[in-house]
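# Understanding the architecture of this molecule
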Amino acid sequence: MTPLFARGGPRRHVLDANALIGLFEDRQGTAGKIERLLEQALQKEMPLLMSAVNWGEVFYITWRRHGEAKAHEAEAKLREMPIAVIDVDRERASRAGALKQKHGLGYADAFAAELAIERGAWLVTADPEFSKAGKALAVYSLPRH
């Protein structure tokens, strides 16, 4: 179970690309959890967070699996969701690069992890690779399919 409060207030959630891919592909056990997080974000007026790198990853993966038109549809849906896309600057890129090197994460995954650590947020993912980051990273695990 995910704690709702941390550091004196509600704990934020950072979305990994596979969380949204799971929603768009209506994966059992994943889509419902993401829908609930999105509903909570609207109710609390506290958007979910996502790195711009992972936003691009959703676009790329959707295009690769389902074609260009579906990628643009997914992008349009994402723009309507309560998701704050966090830009990447040099400092964030360096911190993500350090996480990749220290923990052997994928490059895009390192940006999701960096954002979650920086914001003290839960990283919402189905990817077991994030366990490599240890206790520094709080993971809200989705079913792996």
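About the criteria used
Residues numbered from 1 in each chain as written. Predicted model: local features only at pLDDT ≥ 70, side-chain atom pairs only at ≥ 80, totals over all residues. Heavy atoms only, no water. Salt bridge = Lys/Arg side-chain N within 4 Å of Asp/Glu carboxyl O. Helix = DSSP H or I, 4+ residues; strand = E, 2+ residues; numbered from the N terminus. Buried < 20%, exposed > 50% of the residue type's maximum accessible area, 1.4 Å probe, protein only. Phe/Tyr/Trp six-rings, centres within 6.5 Å; stacked < 30°, edge-to-face > 60°. Core = buried A, V, L, I, M, F, W, Y, C linked by side-chain atoms within 4.5 Å. pLDDT = per-residue confidence, 0-100. Contact = heavy atoms within 4.5 Å. 1 Å grid on protein atoms, 1.4 Å probe; cavity = no way out; pocket = protein on both sides within 12 Å on 5 of 7 lines; lining within 4 Å. Points joined across faces, edges and corners; volume = space filled by probe spheres on them. Nonpolar A, V, L, I, M, F, W, Y, C, P; charged D, E, K, R; others polar. Polar contact = N/O pair within 3.5 Å; in protein donor to acceptor, adjacent residues only side chain to side chain.

Counting across every chain of the model gives nine salt bridges. Close ionic contact of Arg79 with Glu75 constitutes a salt bridge, the shortest N to O distance being 3.5 Å. Placement of the pair is Arg79 and Glu75 together in helix α4 (residues 68–80), with a separation of four residues, close to one helical turn. Judged by its relative accessible area of 60%, Arg79 falls in the exposed class. Two residues, Arg119 and Glu118, come together in a salt bridge whose shortest N-O distance is 3.3 Å. Judged by relative accessible area, which is 33%, Arg119 ranks as partly exposed.

To describe a pair of aromatic rings, one takes the distance between the centres and the angle between the planes. Evaluation of the coordinates by the stated rule reveals two aromatic pairs. The interplanar angle of 80 degrees and the centroid separation of 5.7 Å between the aromatic rings of Phe59 and Trp63 together place this pair among those described as edge-to-face. Taken as a pair, Phe59 and Trp63 lie in helix α3 (residues 52–66) at a separation of four residues, close to a single helical turn. Looking at Phe59, the relative accessible area reads 23%, which means it is partly exposed.

Before going further, it helps to examine the nonpolar core. Core analysis: the biggest nonpolar cluster contains 25 residues, and Leu15, Leu20, Ile34, Ile83 and Val124 have the highest contact counts within it. Of all elements in the fold, only α1 (17–24), α2 (31–44), β4 (48–51), α3, β6 (122–125) and β7 (138–141) reach the threshold of two or more residues within this core. Counting 17 residues, the second largest nonpolar core, distinct from the first, contains Val14, Ile86, Ala116 and Leu137.

Our focus in this paragraph is the confidence of the model for the chain. Looking at the chain, the pLDDT average stands at 92 and 93% of residues meet or exceed 70. Here strand β1 (residues 5–6) is the element of the chain with the lowest mean pLDDT, 43, and β4 is the one with the highest, 98. Counting interchain partners and residues more than four positions distant, the pLDDT-below-50 stretch residues 1–8 has 14 contacts.

Empty space within the largest pocket amounts to approximately 160 Å³. Lining the largest pocket are Ile21, Phe24, Glu25, Thr62, His66, Lys70, Glu73, Ala74 and Lys77. When residues in the lining of the largest pocket are grouped by element, the largest group, four residues, is from α4. Partitioning the lining of the largest pocket into residue classes produces three nonpolar, two polar and four charged.

All right, on to the side chain of Thr125 then. Relative to the helices and strands, Thr125 resides in strand β6. Within the local environment of Thr125, its side chain forms a polar contact with the side chain of Asp16, the two groups lying 2.8 Å apart. Here Asn18 takes part through its side chain, which lies 3.1 Å from a polar atom of the side chain of Thr125.

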